[in-house]
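Report on the structure
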Amino acid sequence: MPIHTHRGIYCICFNENGHLLVIEKNGGPYKNRLDLPGGTPEENETEYETVTREVLEETGYSIVSGVKLGERRYELPWKYKQWNLSQHTAVYYLCTIEPDSKIPIADIPLQDSIGLQWVDPHRLKEEWCSPLVWEAVHYVKSKSLPARRKTYHSWEVLKQTLYPRI
């Protein structure tokens, strides 16, 4: 079975109200769901440099500090090009942003983020979220991230968003 593999670096960030920073995903298997800001490292870029750059590009916010929490691999069916399965390794950083640093989202062709929201993690529904956001919701409760692989035996790429826009 052809497998698409991806490793990305992602930001878990809460504001002073305890709301989680999420993006509105525009592509990939998490399209039309809420996702964490983050993405693929560029050549010779550290994980922290990646998460800092990606958060700025996708949200317009500048990170002032971050600590690596861990990583987890997700496997889910995804029919795309020649692939039938996605293996997505997510590296999580707990970050603090500069709230007054907000600039417009970068105008990048095929940008993954079509907007951002600060959401109350206690009001989210799993079907609105990527596995990464759902993991962040559990992090709120447990203050830990499981390291074991998580497999989804079924996964639907949504044709439209299900979550409410603020």
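What counts as what
Residues numbered from 1 in each chain as written. Predicted model: local features only at pLDDT ≥ 70, side-chain atom pairs only at ≥ 80, totals over all residues. Heavy atoms only, no water. Helix = DSSP H or I, 4+ residues; strand = E, 2+ residues; numbered from the N terminus. Rg over C-alpha atoms; globule rule 2.2 N^0.38 Å. Buried < 20%, exposed > 50% of the residue type's maximum accessible area, 1.4 Å probe, protein only. pLDDT = per-residue confidence, 0-100. Pairing = 2+ DSSP bridges. Contact = heavy atoms within 4.5 Å. Axes fitted to C-alpha atoms, helices over the stretch in contact; angles between N-to-C directions. Disulfide = S-S within 2.5 Å. Phe/Tyr/Trp six-rings, centres within 6.5 Å; stacked < 30°, edge-to-face > 60°. Lys NZ or Arg CZ within 6 Å of the ring centre and 35° of its normal.

Focus: the overall build of the protein
Helix and strand counts for the protein come out as 2 helices and 8 strands. The linear arrangement of helices and strands in the protein, starting from the amino end, is β-β-β-β-α-β-β-β-α-β. Computed over the C-alpha atoms, the radius of gyration of the protein is 15 Å, within 12% of the 15 Å expected from 2.2 N^0.38 for a compact globule of 166 residues. Considering only C-alpha atoms, the protein reaches an extent of 45 × 40 × 30 Å along its principal axes. Taken across its 166 residues, the protein has 49% of its residues classed as buried.

Things to note about the confidence of the model for the protein
Mean pLDDT over the protein works out to 92, with 96% of the residues at or above the 70 mark. Within the protein, no element has a lower average pLDDT than strand E7 (residues 113-119), which sits at 91, and none a higher one than strand E3 (residues 34-35), at 97.

Things to note about the sheet that holds E3
If you trace the 3 strands from one edge of the open sheet to the other, you get E3-E2-E7, paired in antiparallel fashion. For this open sheet the edge positions go to E3 and E7, each flanked by a neighbour on one side alone. Where strand E2 (residues 20-25) and E3 come together, 2 bridges link them in antiparallel fashion. Opposite Ile23, over in E3, you have Asp35 as the bridge partner.

Points about the sheet that holds strand E1 (residues 3-12)
On the basis of which strands lie adjacent, the open sheet formed by 5 strands has the order E4-E1-E6-E5-E8 and mixed pairing. Single-partner strands in this sheet number two, and they are strand E4 (38-39) and strand E8 (150-151). Together, E1, E4, strand E5 (62-80) and strand E6 (83-98) form the strand contacts of helix H1 (residues 47-59), whose direction differs from that of E5 by roughly 80 degrees.

Focus: the state of the cysteines
Two cysteines whose sulfur atoms are joined by a covalent bond form what is called a disulfide. Summed over the entire model, instances satisfying the criterion amount to 0 disulfides. Of all cysteine sulfurs, the one in Cys11 lies closest to Cys13, which takes part in no disulfide; the gap is 4.9 Å. Residue Cys13 is classed as buried on the basis of its relative accessible area of 1%.

Regarding the packing of aromatic side chains
In the structure shown here, the tally under the stated rule is 4 aromatic pairs. Judged by centre distance (5.9 Å) and plane angle (70 degrees), the ring pair of Tyr61 and Trp118 falls under edge-to-face. Here Trp118 lies in strand E7 and Tyr61 lies in the loop between H1 and E5, a separation of 57 residues in the sequence. Trp118 shares its class with Tyr61; the two are buried. Seen from their ring centres, Tyr152 and Trp155 are 5.3 Å apart, and the 75 degrees between their planes marks the pair as edge-to-face. The pair Tyr152 / Trp155 is uniform in exposure class, with both members buried. Feature note: the residues Tyr30, Tyr152 and Trp155 constitute an aromatic cluster, connected by ring pairs. The side chain of Arg33 reaches across the aromatic face of Trp155, ending 4.1 Å from its centre. Between Lys102 and the ring centre of Tyr61, over which it is positioned, the NZ or CZ distance is 5.7 Å.

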